[in-house]
Amino acid sequence: MQTNKSLRSQQRLFIGIFASLLTTTFACSPPPETTANADASQPDSSSAPSETGEATALENEPAERIVALTSLSADLVATLDVNRLVGIPGSPIITQDSRFADIETVSSGRVEPDLEKIVALSPDLVIGAKGLQDKTLQRLSDLDISTLTIDIDSWEKLSDFTTAIAATTEADPQPLLDRYADCLADVPQKETTSLVLVSRQPLLSPNKDSWAGDFLAKMNIQNLSADLQGESPFDGYVTLSAEKVIEADPDSLIIIDTQEDLLSQLEGEPFWSQLQATQSGNVVTSDYFGLVNPGSLASIETACDQLKQID
């Protein structure tokens, strides 16, 4: 976790690949908070959104008025103390939640957050995604408004961020930490090999340095791209060739739903029919939020349930 005083500009994760989804922020993960929502996780659906867990970034001071620029941070703050949340991103997984009905929306789609709206809310703290809202966070920091940059690429960082936000909202993090523990409990032992595909051109897959990669490891799913490194504009993701996919030949395929009908696109590729996963029908479609971009508590828990079922 780090403040924006010394942030360097970074590429927006997955922007242009999942552009239709970019509405929130992470990662936190990426997950790659990508396009769906730079929130997240991570890709954000064009990227989601990492939390370092350094409580010093929040200076251990309570924040009475918080603006969250990612769906995950908005959800966490609202769950801990909704009365402290005064601004939210225009993400569908946030705006469709009745808890946020009367809270000011300060961003929409791929447009930069509305700086004037944020300033008018007189926030004590603004939380945004690394690589997605760097410019906005830096401008706010220049105005002496406290900012926090998040980039959640592991469960450990999610727990650290939760604990830090609980401290600044003077709330008890344990109920949320218990939910995380429940999510990761009773994971069956598996020998399953799998490959996650998040886009077609290029073929992108998460390695172990991403929220998705860490998630798969926690679910005892052998991610065949976990240890791969290579040329990719997105941290935690590698570009695969069709030949590499055929060589990997996973037991199962996890195709990320980015609202671009990726599965249908991949089904038209020559390599598709050569894979044992497609021949056996062991192909799963997973929502962008949850596995690639953490998105929200509910989307993470949904992904947990789904991944436990993969054989």
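Residues numbered from 1 in each chain as written. Predicted model: local features only at pLDDT ≥ 70, side-chain atom pairs only at ≥ 80, totals over all residues. Heavy atoms only, no water.

**Some points on a negative patch on the surface**
The test is simple: Patch definition: residues above 30% relative accessible area lacking any salt bridge, with like charges linked at up to 9 Å and the nonpolar side chains Val, Leu, Ile, Met, Phe, Trp and Tyr linked at up to 5 Å. Only the protein chains shown count as cover for residues, and all accessible areas are computed by the Shrake-Rupley method using a 1.4 Å probe. Any Lys or Arg side-chain nitrogen found within 4 Å of a carboxyl oxygen on Asp or Glu counts as a salt bridge. Only four residue types enter the tally: Lys and Arg on the positive side, Asp and Glu on the negative side, with His and both chain ends excluded. Where a charge sits is defined by one atom per residue type, namely NZ (Lys), CZ (Arg), CG (Asp) or CD (Glu). Helix and strand assignments come from DSSP, with helices taken as H or I runs of at least 4 residues and strands as E runs of at least 2, each series counted from the N terminus.
A cluster of like negative charges, contributed by Asp257, Glu260, Asp261, Glu267 and Asp287, occupies part of the molecular surface. Inspection of the secondary structure puts Glu260 in the loop between strand S12 (252-257) and helix H9 (262-267).

**Quick look at the packing of aromatic side chains**
The criterion, for reference: Only centres within 6.5 Å qualify two rings of Phe, Tyr or Trp (six-membered ring in Trp) as a pair; their planes then separate them into stacked at under 30 degrees, edge-to-face at over 60, and tilted for everything else. Throughout, exposure labels follow a simple rule: accessible area from a 1.4 Å probe, protein chains only, divided by the maximum for the residue type, with under 20% read as buried, over 50% as exposed, and the rest as partly exposed.
Summed over all chains, the structure comprises 6 aromatic pairs. On the basis of an interplanar angle of 75° and a centroid distance of 5.0 Å, the ring pair of Tyr288 and Phe289 is categorised as edge-to-face. You can call Tyr288 buried: its relative accessible area is 1%. The class of Phe289 is buried, set by a relative accessible area of 10%. Through a chain of ring-to-ring contacts, three or more aromatic side chains come together here, namely Trp155, Tyr180, Trp211 and Phe215.

**Thoughts on the state of the cysteines**
To be explicit about the condition: Sulfur atoms of two cysteines make up a disulfide when they are within 2.5 Å.
Under the counting rule described, the total for this entry stands at 1 disulfide. What pairs with Cys183 in a disulfide is Cys304, and their sulfur atoms sit 1.6 Å apart. Note on the Cys183 and Cys304 pair: the S-S dihedral is about 115°, so by sign convention the disulfide is right-handed. Within this pair, whereas Cys183 is found in helix H6 (residues 174-183), its partner Cys304 is found in helix H12 (residues 297-308), the two being separated by 121 residues in sequence. By relative accessible area, Cys183 is classed as buried at 7%. Owing to a relative accessible area of 0%, Cys304 belongs among the buried residues under this scheme.

**Description of the sheet that holds strand S5 (residues 104-105)**
Which entries qualify depends on this criterion: Two strands pair under a simple rule: DSSP has to find at least two bridges between them. By definition in these notes, contact holds between two residues if any of their heavy atoms fall within 4.5 Å. Here an angle of 0 to 180 degrees is reported between the N-to-C directions of two axes, which are lines fitted to C-alpha atoms, with helices fitted over the stretch in contact.
Spatially, S5-S4-S3-S6-S7 is the arrangement adopted by the 5 strands of the open sheet, whose pairing is parallel. The open sheet has two edge strands, S5 and strand S7 (147-150), and neither has a second partner. In terms of strand pairing, strand S4 (residues 85-88) meets S5 through 2 bridges, oriented parallel. If you follow Ile88 over to S5, its bridge partner there is Thr105. Lying over the sheet, helix H1 (residues 71-81) contacts strand S3 (66-68), S4, strand S6 (125-129) and S7, oriented at roughly 160° with respect to S4.

**Some remarks on unusual backbone geometry**
Of note, the amide linkage connecting Gln201 to Pro202 takes the cis form, showing an omega dihedral of 5°. Mapped onto the elements, Pro202 comes out in the loop between strand S8 (193-197) and strand S9 (203-206). If you check the backbone angles, Ser122 has positive phi at about 50° while not being a glycine. By relative accessible area, Ser122 is classed as partly exposed at 47%.

**Thoughts on the packing of H1 against H12**
This is how the line gets drawn: In what follows, roughly perpendicular refers to angles from 65 to 115 degrees, roughly parallel to angles under 35, roughly antiparallel to angles over 145, and oblique to any angle outside these ranges. Any residue that is not Ala, Val, Leu, Ile, Met, Phe, Trp, Tyr, Cys, Pro, Asp, Glu, Lys or Arg is counted as polar, Gly included; the first ten are nonpolar and the last four charged.
In the contact formed by H1 and H12, the axes pass within 9 Å of each other and the chain directions differ by 105°. Taken together, the axis directions place H1 and H12 in an arrangement best described as roughly perpendicular. Where H1 abuts H12, its residues Leu72, Asp75, Leu76 and Thr79 lie against Leu297, Ala298 and Ile300. Taken together, the residues that form the contact of H1 with H12 break down as 5 nonpolar, 1 polar and 1 charged.

**Quick notes on the side chain of Ser210**
Relative to the elements of secondary structure, Ser210 occurs in the loop between S9 and helix H7 (211-218). In this structure Ser210 touches Asp153, Gly236 and Tyr237, once residues within four positions along its chain are discounted.

**Details of the packing of H1 against H6**
Running from amino to carboxyl end, H1 crosses H6 at an angle of 125°, the nearest separation of the two axes being 10 Å. As the angle between them shows, H1 and H6 are arranged oblique. Residues Leu76, Thr79 and Leu80 of H1 pack against Leu176, Arg179 and Tyr180 of H6. Class assignment for the residues of the contact of H1 with H6 results in 4 nonpolar, 1 polar and 1 charged.

**Quick word on the pairing of S12**
Here S12 lies mainly inside the structure; 5 of its 6 residues are buried. As paired elements, S12 and strand S13 (residues 283-287) share 5 bridges and run parallel to each other. What sits directly across from Ile255, in S13, is Thr285.

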